[in-house]
Amino acid sequence: MPVPEVLANLVGATEIVCGALLLLGLYTRLAAAGTATIMTVAIITTKIPIWVGTGFGPFEVRELSQYGFWSMAHAMRTDWAMLLGSLALVIAGAGPWAADSE
């Protein structure tokens, strides 16, 4: 990844800001889209190489005892839950208890 020290700070700040917005119920769809984007990139860059068993492009595979689909599925269970939860919020919105609901 180009300039990882800058991207790491950007991703961290985005996760904190979007997470806080989701907790407060402000700009829910936009914040959920931000977290969904982060999780999609995380799955592509860190979990797909586990499935393939080798790195591709700039993405390297980490040392594991096993590679393949089930190893990847086990490693990405939290990422998958956060991605699907974010997509559900993008589609459905925050609901009537959100701070910016009408």
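Presented here is a report on the structure given in the accompanying data block. Keep in mind the model is a prediction, meaning the values are calculated, not measured.

Helix packing geometry: the angle between the two helix axes and the distance between the axes. Two numbers describe how helix α2 (residues 28-52) lies on helix α4 (residues 77-92): the axes approach to 8 Å, and their chain directions differ by 150°. Accordingly, the angle class assigned to the pair α2 and α4 is roughly antiparallel. Read as a crossing pair, α2 and α4 show a hand that is left-handed. On α4, the residues touching T28, R29, A32, A33, T35, A36, M39, T40, I43 and K47 of α2 are D79, W80, M82, L83, S86, L87, L89, V90, I91 and A92. In terms of residue class, the contact of α2 with α4 is made up of 13 nonpolar, four polar and three charged.

With that settled, the discussion passes to the environment of L22. Inspection of the secondary structure puts L22 in helix α1 (residues 4-24). For the pair formed by L22 and I48, sequence separation is 26 residues and the distance between their alpha carbons is 27 Å. Residues contacting L22, with those up to four places away along its chain left out, are T28, A31, A32, T35 and L89.

This part takes up the side chain of S86. Inspection of the secondary structure assignment puts S86 in helix α4. Classification of S86 as buried rests on a relative accessible area of 4%. The contacts of S86, once residues within four sequence positions are left out, are A32, T35 and A36.

Our focus in this paragraph is the packing of aromatic side chains. Taken as a whole and judged by the stated rule, the model has two aromatic pairs. Summarising the aromatic geometry, the rings of W51 and F69 are spaced 5.9 Å apart at their centres and angled 70° between planes, so their arrangement reads as edge-to-face. Remark: F69 occurs in helix α3 (residues 69-75) and W51 occurs in helix α2; sequence separation between them is 18 residues. A relative accessible area of 45% places W51 in the partly exposed class. Centroid distance F69 to W70: 5.0 Å. Interplanar angle 80°. Geometry classified as edge-to-face.

What follows concerns the nonpolar core. Counting residues in hydrophobic clusters, the biggest one holds eight residues: A36, I38, M39, I43, I50, M72, M76 and L83. A per-element tally of this core places α2 first, with five residues.

Parameters at a glance
- Residues numbered from 1 in each chain as written.
- Predicted model: local features only at pLDDT ≥ 70, side-chain atom pairs only at ≥ 80, totals over all residues.
- Heavy atoms only, no water.
- Axes fitted to C-alpha atoms, helices over the stretch in contact; angles between N-to-C directions.
- Helix = DSSP H or I, 4+ residues; strand = E, 2+ residues; numbered from the N terminus.
- Parallel < 35°, antiparallel > 145°, perpendicular 65-115°, else oblique.
- Left-handed = near helix turned anticlockwise from the far one by under 90°.
- Contact = heavy atoms within 4.5 Å.
- Nonpolar A, V, L, I, M, F, W, Y, C, P; charged D, E, K, R; others polar.
- Buried < 20%, exposed > 50% of the residue type's maximum accessible area, 1.4 Å probe, protein only.
- Phe/Tyr/Trp six-rings, centres within 6.5 Å; stacked < 30°, edge-to-face > 60°.
- Core = buried A, V, L, I, M, F, W, Y, C linked by side-chain atoms within 4.5 Å.

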